[in-house]
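# Per-entry structural report
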Amino acid sequence: MKVNIMTYNTQHCEHIISKKIDFDAIAEVIKDSGAEIVGLNEMRDLGKDPEQFAAQVKELADRLGYYYYFAKAIEFDYDWLRCPYGNGLLSKYPILEAETIAIPDPVEKKYKGYYETRCLLKAKIDVADGLNVLVSHFGLNPDEAENAVNTVLENLPTEKTVFMGDLNLKPESELLNPIREQLVDVATYSDKELLTWPSTGPERKIDYIFVSKDVKVLGADVPVKEVSDHCPHTTIIEL
């Protein structure tokens with residue numbers, strides 16, 4: 001059975017050209033790709049001002065007719081931004097189970113960059129006798145990424161698994177090595193670099209889809225879509 005997978009950092013569904021929240025445009029990107037299971041990054045959930053901060057994963061699911069799950073990483077509580085924030089999952093197939101796993105913050109911050117609490121979304125999808133799906137958005141600093149990698153490995157099923165997201169790491173980063181030892185980067189099945197950021201002229205690959213070694217990869221692509229600030233990254237697998 002073939003399954004079309006996508007990872008997509010939506011930049012909270014803000015259109016990169018209009019600078020306005022545009023659920024229809026994001027949903028259209030997903031629909032055009034034929035993606036059946038979608039990992040989402042930078043998603044807001046229902047906020048204290050519902051008119052301004054909607055349940056974004058649900059909004060996309062309603063437009064596509066998909067099942068969904070929102071994984072909260074942090075609760076923003078600023079004068080201008082009051083809402084849960086994290087990762088999301090959309091699926092054409094029923095979501096059998098799903099959970100949000102916290103990624104520990106570094107005990108001592110070793111770098112001067114911006115730090116933000118992150119999470120790992122872990123789910124099982126009712127397709128081909130059960131597909132494990134993990135979605136995350138790694139922090140910007142190496143110590144955050146180290147904790148994220150360890151959290152992924154601690155929660156990684158041994159078979160029929162897809163792990164995806166914006167990892168904020170370039171392909172040559174040694175921080176990815178422990179994941180590459182366990183999983184296969186679908187980008188190796190493409191003859192292109194699969195650059196994902198920025199969408200207005202991609203020059204860097206920081207979005208990834210990995211699969212367990214028992215999963216057959218039929219191809220991988222990055223459709224250049226100037227909607228979010230990231231391009232979506234897709235793959236077709238066979239189970």
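To keep things clear, this report deals only with the structure shown in the data block. (Residues numbered from 1 in each chain as written. Predicted model: local features only at pLDDT ≥ 70, side-chain atom pairs only at ≥ 80, totals over all residues. Heavy atoms only, no water.)

### Things to note about unusual backbone geometry
What counts here: A run of H or I in DSSP counts as a helix once it spans at least four residues, and a run of E counts as a strand once it spans at least two, with each numbered from the N terminus.
Note the cis peptide between W197 and P198, where omega equals -10 degrees. For P198, the location among the structural elements is in the loop between β9 (183–185) and β10 (207–212). If you check the backbone angles, Q11 has positive phi at about 50 degrees while not being a glycine. Its location among the elements puts Q11 in the loop between β1 (2–9) and α1 (23–33).

### Details of the packing of aromatic side chains
Note the cut-off: Ring pairs shown here join Phe, Tyr and Trp side chains whose ring centres sit within 6.5 Å, with only the six-membered ring taken for Trp; geometry is labelled stacked below 30 degrees between planes, edge-to-face above 60, and tilted in between. When a residue's accessible area, from a 1.4 Å probe over protein chains only, is under 20% of the maximum for its type it is buried; when over 50% it is exposed; and in between it is partly exposed. A positively charged side chain is recorded as over a ring if its NZ (Lys) or CZ (Arg) lies within 6 Å of the ring centre. The angle to the ring normal must also be within 35 degrees.
Under the defined criterion, the tally for this structure stands at four aromatic pairs. A ring pair is formed by F76 and Y85, whose centres lie 4.8 Å apart and whose planes are at 55 degrees; its orientation type is tilted. The class of Y85 is buried, set by a relative accessible area of 11%. The positively charged end of K205 is found above the aromatic ring belonging to Y208, 4.3 Å away from the centroid.

### Some details on the sheet that holds strand β2 (residues 37–44)
Put simply, the rule is: The rule for pairing is simple: two strands pair if DSSP sees at least two bridges between them. Working convention: axes come from line fits to C-alpha atoms, limited for helices to the stretch in contact. Angles between N-to-C directions cover 0 to 180 degrees. It only takes one pair of heavy atoms within 4.5 Å for two residues to be counted as in contact.
Pairing within the open sheet is mixed, and its six strands lie in the order β3-β4-β2-β1-β12-β11. Two strands lie at the open edges of the sheet, namely β3 (67–77) and β11 (216–221), each paired on one side alone. Put simply, the sheet's adjacent strands are angled 15 degrees from each other on average, direction ignored. Where β2 meets strand β4 (residues 82–91), six bridges bridge the pair, whose relative direction is antiparallel. Counterpart to L40 in the pairing with β4 is G88. Set on the sheet, α1 makes contact with β1, β2, β4 and β12 (233–238); between it and β1 the angle comes to about 155 degrees. The strands touched by helix α2 (residues 56–64) are β2, β3 and β4; relative to β2, the strand with the most contacts, the crossing angle is about 140 degrees.

### A look at the pattern of salt bridges
For clarity, the cut-off: Every case where a carboxyl oxygen of Asp or Glu lies within 4 Å of a side-chain nitrogen of Lys or Arg is listed as a salt bridge.
One pass over the full model with this rule turns up ten salt bridges. As a salt-bridge pair, D62 and K58 come within 2.8 Å of each other at their nearest N and O atoms. In this pair, D62 and K58 are both assigned in helix α2, four residues apart and thus about one turn of the helix distant. Relative accessible area serves as the criterion here: at 49%, D62 is assigned to the partly exposed category. Take K58: its relative accessible area is 35%, and that puts it in the partly exposed class. Between R63 and E59 there is a salt bridge, with the nearest N and O atoms lying 2.8 Å from each other. Placement of the pair is R63 and E59 together in helix α2, with a separation of four residues, close to one helical turn. In this structure R63 comes out as partly exposed when scored by relative accessible area, which is 38%. Its relative accessible area of 26% is what places E59 among the partly exposed residues. Three or more residues are tied together by salt bridges with common partners; here these are D24, E59 and R63.

All quantities given are derived from atomic positions and should not be read as evidence of function.
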